[in-house]
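Spelled out, the chains give:
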Amino acid sequence: MTFQIPLHYSVVVAKRMTEDEIQYEYAILERSKRNANAFGELYEKYFDRIFNFIYRQTDDEELTADLCQQTFLSALKNIKRYEFRGIPFSAWLYKIASNEVNKHYRKKKNDKVFSIEEVRVRELFEQANEDWDEEILQKLLQYFKELPTDMLQVLELRFFEDKDFKEIAFILDITESGAKMRTYRALDRLRKNFNLRIKYDVKE
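From a predicted model like this one, the values you see are computed outputs, not experimental measurements.

1. Focus: the packing of helix H2 (residues 40-55) against helix H3 (residues 61-77)
Line of reasoning, step 1. As a packed pair, H2 and H3 sit with axes 9 Å apart at the nearest point and diverge in direction by 135°. On the basis of their axis angle, the class for H2 and H3 is oblique. Regarding H2 and H3, the two cross each other, and that crossing is right-handed. From H2, Leu42, Tyr43, Tyr46, Phe47, Ile50, Phe51, Ile54 and Tyr55 reach across to H3, where they touch Glu61, Thr64, Ala65, Leu67, Cys68, Gln69, Thr71 and Phe72.
Line of reasoning, step 2. Per-class residue counts for the contact of H2 with H3 are 12 nonpolar, three polar and one charged.

Below is the structure:
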């Protein structure tokens with residue numbers, strides 16, 4: 001199977017999957033284990049999301065395209081080893097993508113770069129139901145750049161990718177309690193500096 005990189009990518013808003021949707025994807029995965037072409041449906045569905053996820057950590061479109069390509073090739077190569085354990089397939093893709101990004105930075109011995117889209121920060125303000133203006137927005141964008149990598153990772157996955165703590169823990173290879181603690185620390189800093197009222201729990 002050959003993957004083609006789209007010339008343009010779009011910002012995709014992630015949404016929570018229903019149990020039926022998760023089971024439907026699992027059925028596609030089972031078919032993909034026998035026929036690689038079946039994997040194309042999942043590739044089309046998740047390409048933009050994985051691309052954007054990687055791009056926020058590289059701020060380099062060419063590098064992102066390479067790492068995104070490698071992510072899907074690795075997923076297809078290891079598809080027969082995939083087992084459904086109550087976590088959506090997308091979390092497995094995000095985990096592979098995260099590993100590819102980390103592998104790149106270890107090889108290059110560079111610090112990871114985070115580039116949060118302004119549209120996502122605007123959404124964060126709207127979710128917090130706060131009064132804000134452009135000056136505050138620009139300060140928050142700059143503030144995100146100064147946060148530690150571990151905090152940025154959980155904020156990205158929690159608010160920009162709509163992942164719950166179980167998925168975040170799986171993707172980052174940490175405990176669920178560790179994922180919650182990182183999120184709490186990051187949100188506390190945002191609350192103290194910008195008076196944002198953002199809920200901790202996905203279910204709140």
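Here the narrative resumes, following the displayed structure.
2. Some remarks on the confidence of the model for the protein
Line of reasoning, step 1. Of all residues in the protein, 75% have pLDDT values of 70 or greater, and the mean over the chain is 78.
Line of reasoning, step 2. Confidence drops under a pLDDT of 50 for residues 1-14, and excluding neighbours within four residues, the segment shows 35 contacts in the predicted structure.

3. Looking at helix H1 (residues 19-32)
Line of reasoning, step 1. Its 14 residues give H1 an end-to-end C-alpha distance of 20 Å, which sits within 8% of 20 Å, the value for a rise of 1.5 Å per residue.
Line of reasoning, step 2. Buried positions along H1 lie against H2 and helix H4 (89-108).

4. Here's the deal with the packing of H1 against H2
Line of reasoning, step 1. Across the interface, H1 lies against H2 with an axial gap of 9 Å and an inter-helix angle of 130°. Judged by the inter-axis angle, H1 sits oblique to H2. Here Tyr24, Glu25, Ile28, Leu29 and Arg31 of H1 lie close against H2, whose contacting residues are Glu41, Leu42, Lys45 and Tyr46.
Line of reasoning, step 2. Residue composition of the contact of H1 with H2, by class: five nonpolar, no polar and four charged.

5. Section: a negative patch on the surface
Line of reasoning, step 1. Among the surface-exposed residues, Asp59, Asp60, Glu61, Glu62 and Asp66 lie close enough to one another that they form a single negatively charged patch.
Line of reasoning, step 2. Relative to the helices and strands, Glu62 is located in helix H3.
Line of reasoning, step 3. Taking the relative accessible area as the measure of exposure, Glu62 reaches 63% and is therefore exposed.

6. Describing the pattern of salt bridges
Line of reasoning, step 1. Inspection of the entire model under this criterion finds seven salt bridges.
Line of reasoning, step 2. One salt bridge connects Glu30 with Lys33, and the closest N-O pair in it is separated by 2.9 Å.
Line of reasoning, step 3. Taking the shortest distance from any N to any O, the salt bridge between Glu100 and Lys103 comes out at 3.5 Å. Of this pair, Glu100 and Lys103 are both found in helix H4, three residues apart, which corresponds to roughly one turn of the helix.

7. Overview of the nonpolar core
Line of reasoning, step 1. With 39 residues, the main nonpolar core has Phe39, Ile50, Ile54, Phe72 and Phe89 as its most contacted residues.
Line of reasoning, step 2. Those elements that place two or more of their residues in this core are H1, H2, H3, H4, helix H7 (149-160) and helix H8 (165-172).
Line of reasoning, step 3. Of all hydrophobic cores here, the second largest spans 12 residues; its members include Leu140, Tyr143, Phe144 and Met151.

Thresholds applied
Residues numbered from 1 in each chain as written. Predicted model: local features only at pLDDT ≥ 70, side-chain atom pairs only at ≥ 80, totals over all residues. Heavy atoms only, no water. Axes fitted to C-alpha atoms, helices over the stretch in contact; angles between N-to-C directions. Helix = DSSP H or I, 4+ residues; strand = E, 2+ residues; numbered from the N terminus. Parallel < 35°, antiparallel > 145°, perpendicular 65-115°, else oblique. Left-handed = near helix turned anticlockwise from the far one by under 90°. Contact = heavy atoms within 4.5 Å. Nonpolar A, V, L, I, M, F, W, Y, C, P; charged D, E, K, R; others polar. pLDDT = per-residue confidence, 0-100. Expected span 1.5 Å × (residues − 1). Patch = residues over 30% accessible without salt bridge, like charges linked within 9 Å, V, L, I, M, F, W, Y side chains within 5 Å. Areas by Shrake-Rupley, 256 points an atom, 1.4 Å probe, with all protein chains shown as cover. Salt bridge = Lys/Arg side-chain N within 4 Å of Asp/Glu carboxyl O. Lys, Arg positive; Asp, Glu negative; His and termini not counted. Charge placed at Lys NZ, Arg CZ, Asp CG, Glu CD. Buried < 20%, exposed > 50% of the residue type's maximum accessible area, 1.4 Å probe, protein only. Core = buried A, V, L, I, M, F, W, Y, C linked by side-chain atoms within 4.5 Å.

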